[in-house]
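So the chains spell out like this:
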Amino acid sequence: MSVVALRLIALAGASALALGACSPKDKAAAPSSPEEQAAAAANTPVTAQPRQTRNVPVDVQGVTEVGATVRVKNVDLAEDATIVDVSISFSGNATNNVEMASTETYIELPNGQKLRLKPPEGNPNMNIVKGDTMNGRLVFMGAVPRDVQQISLVFNEGSTSDSIIGPFLRIGIPLTAQAAGATR
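Predicted, not measured: the structure shown is a model, and the values here were computed from it.

Points about the overall build of the protein chain
So, step 1. The helix and strand inventory of the protein chain stands at three helices and ten strands.
So, step 2. Looking at the protein chain residue by residue over its 184 residues, the buried ones come to 34%.
So, step 3. A fraction of 60% describes how many contacts in the protein chain between residues 6 or more apart in sequence connect residues 24 or more apart.
So, step 4. Carbon and sulfur atoms provide 54% of the accessible area of the protein chain, an area that totals close to 11,200 Å².

A look at the side chain of E108
So, step 1. Within the secondary structure, E108 sits in strand β5 (residues 106–108).
So, step 2. Every residue in contact with E108, bar those within four places of it in the chain, is listed here: Q113, I151, S152, V154 and R170.

Some points on the environment of V139
So, step 1. With respect to the helices and strands, the residue V139 is situated in strand β8 (residues 133–141).
So, step 2. When its relative accessible area of 25% is taken as the criterion, V139 is described as partly exposed.
So, step 3. Once the C-alpha coordinates of V139 and I83 are considered, the two residues, 56 residues apart in sequence, prove to be 4.6 Å apart.
So, step 4. Residues contacting V139, with those up to four places away along its chain left out, are A81, T82, I83, R116, L117 and K118.

Observations concerning the sheet that holds strand β2 (residues 68–77)
So, step 1. Pairing is antiparallel in the open sheet, where four strands are placed in the order β1-β2-β3-β8. A strand with exactly one partner marks an edge of an open sheet, and here the two such strands are β1 (54–63) and β8. Strand after strand, the sheet turns through a mean of 20° between neighbouring axes, direction not considered.

As for the nonpolar core
So, step 1. Counting residues in each nonpolar core, the largest one holds 33 residues, and the members touching the most others are V70, V72, F155, I173 and L175.
So, step 2. Elements supplying a minimum of two residues to this core: β1, β2, β3 (81–90), β8, β9 (150–155) and β10 (169–174).
So, step 3. Looking at this core, the element that brings in the most residues is β2, giving five residues.
So, step 4. Not counting residues within four places of it along the chain, the set of residues in contact with L175 comprises R54, V56, V75, L77, V144, V148, Q149, Q150 and I151.

Looking at the sheet that holds strand β6 (residues 114–116)
So, step 1. The strand order β6-β5-β9-β10 describes an open sheet built from four strands, whose pairing is antiparallel. Where the open sheet ends on each side, the last strands, each with one partner, are β6 and β10. Pairs of neighbouring strands in the sheet enclose a mean axial angle of 25°, with direction left out of account.
So, step 2. Bridge count between β5 and β9: three bridges; the pairing is antiparallel. From the neighbouring strand, Y106 faces β9, where its bridge partner is V154.

Criteria and thresholds
Residues numbered from 1 in each chain as written. Predicted model: local features only at pLDDT ≥ 70, side-chain atom pairs only at ≥ 80, totals over all residues. Heavy atoms only, no water. Helix = DSSP H or I, 4+ residues; strand = E, 2+ residues; numbered from the N terminus. Buried < 20%, exposed > 50% of the residue type's maximum accessible area, 1.4 Å probe, protein only. Contact = heavy atoms within 4.5 Å. Areas by Shrake-Rupley, 256 points an atom, 1.4 Å probe, with all protein chains shown as cover. Pairing = 2+ DSSP bridges. Axes fitted to C-alpha atoms, helices over the stretch in contact; angles between N-to-C directions. Core = buried A, V, L, I, M, F, W, Y, C linked by side-chain atoms within 4.5 Å.

Just geometry here; none of it tells us what the structure is for.
Listed below in structure tokens is the structure:
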């Protein structure tokens, strides 16, 4: 056998031994996520820490030209959703009712991402009759990143503030004391 062939065989054997040493013996015990792989390499346990819900008291409101008033009282920043406590009233004279979610309604993040509204059961368009007030918790699908200081709550994108069907409204919501001071 030539010297080159012997070197190739030796190299292949060394590679197989190296791969065998790196490969887990038991597939069930193999770390699967990058975090688990890093912890296994460091010989430290992985402890999952679910994101804690952050509760942010808020006191902001917006009013449409047609007479709908939305008051935001609280925002819960959770792991998979963002929940906004609102009070929505309607007292306009141009119509008997308005829909606050007849078109796209969402939370907009500073980077332009939109967390869409999960339509409320029994009233998916958020219809409100003249003289009534709806109090509730609006659920938006997705999490607001921890470092975000302000979000925008948008009702009826593409409409106008004086629409008698679904008035447009955008409300800036500060999520920190620093952001709240900047909006006043």
